[in-house]
Amino acid sequence: MVARKDPKALYELAPGTPGLAGVVLLHQLEGFMDAGGAGRLAGEHLLDQFDHRLVASFDVDRLIDYRSRRPTMTFDKDHYEHYEDPALDLHLLTDGAGKSFLLLDGLEPDREWELFAAAIRTLIDHFDVRLTVGMHGIPMGIPHTRPLGITAHATNPDLVDTTDQPVLDRLQVPSSAASLLEYRLGEWGYDAAGFAVHVPHYLASSLYPQAAIRLLRAVSEATGLVLPDTELRDAARRASEDIDRQVQESSEVEDVVRALERQYDAFNVTEGRKNLLSDNDGRMPTADELAAEFERFLADQDADPPNS
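Residues numbered from 1 in each chain as written. Predicted model: local features only at pLDDT ≥ 70, side-chain atom pairs only at ≥ 80, totals over all residues. Heavy atoms only, no water.

As annotated in an unreviewed UniProt entry, the protein carries the name PAC2 family protein and comes from Catenulispora yoronensis.

Okay, structure coming up:
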């Protein structure tokens, strides 16, 4: 018989953690898909802009496979000077209206996903969390010149706005610790949701602040949290200027963007279209067909990606 593991052994509460009631828990875990660094940028922005304190730390030595994601070290001439400690921490923050909320930020666990989900459940009970919300980005065949869409999902459909026509239908996708967490919370009777912002796939490997802004807006609408994004908007403006400059320098790239714009616009005006990514015959274009020229162009640039 296998001994039952204690989920509380996966983390350590900080001394003097305050009692909370009815708070929201946001999470973004690095390691799975996050096109445009959307979840990462959103998490960094929240920690940079709002007062916060550490309330719990996970045992990453137990959860992380160091050989698959080797932490960075700095070597200086004849000695090791610095080690980037991997972390998975729970922070208590205060939003723009003085309301408390939690943010789980750090590396996605490589192992013990079920125990990790159970550990989050104990923290939800401990801090009286009313809603758990995940954030990340997914690549889509869309142009950067149009509004970014959101795929919303939840354990209860009343938790998110589903009035927009869904881009994705029923399909099998690789799992993640975050998606398993949402699934298990639903089974256990907890409210949980997630938002995946649609990022132009030719920008998926760059940091795209526009995607983080769209994520935070969706989170604010779903939770009532006040999350100002002024600093992100400044970064987004600079990214847009850089992208527009690169497009103008190549007629091939401009042609690809225009083709994506026509496809995007057709979806929004044509009745009966089932999927943003399909053409009038229902055929799904490949990434190579949509933006091979753009990807090659960006790869050939000497300059760094926008805001990378």
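The structure having been displayed, the exposition proceeds.
Within the open sheet, the eight strands sit side by side as 1-3-6-7-2-8-10-9. Their pairing is mixed. Since the sheet does not close on itself, it has two edges, and those belong to strand 1 (11-13) and strand 9 (150-154), each with one partner. Going from strand to strand, the sheet's axes swing by 25° on average, the running direction of each strand aside. Where strand 8 (residues 129-140) and strand 10 (residues 192-200) come together, nine bridges link them in parallel fashion. Following the sheet pairing, His136 is matched in strand 10 by Ala196. (Pairing = 2+ DSSP bridges. Helix = DSSP H or I, 4+ residues; strand = E, 2+ residues; numbered from the N terminus. Axes fitted to C-alpha atoms, helices over the stretch in contact; angles between N-to-C directions.)

Here we come to the side chain of Glu261. The residue Glu261 is located in helix 7 (residues 251-269) in this model. At a separation of 2.5 Å, a polar atom in the side chain of Glu261 contacts the side chain of Thr145. (Polar contact = N/O pair within 3.5 Å; in protein donor to acceptor, adjacent residues only side chain to side chain.)

Moving on to the nonpolar core. By size, the foremost hydrophobic cluster in this structure holds 48 residues, and its most contacted members are Leu26, Leu46, Phe101 and Leu227. Secondary structure elements with two or more residues in this core: strand 2 (23-30), helix 1 (38-49), strand 7 (100-107), strand 8, strand 10, helix 5 (209-223), helix 6 (230-248) and helix 7. Broken down by element, the residue count for this core peaks at seven residues, all from helix 5. Look past the residues within four positions of Leu46 in its chain and what remains in contact with it is Leu26, Leu93, Phe101, Leu103, Leu216 and Leu227. Ranked by size, the runner-up nonpolar core spans 32 residues in total, among them Phe116, Leu181, Tyr190 and Ala192. (Core = buried A, V, L, I, M, F, W, Y, C linked by side-chain atoms within 4.5 Å. Buried < 20%, exposed > 50% of the residue type's maximum accessible area, 1.4 Å probe, protein only. Contact = heavy atoms within 4.5 Å.)

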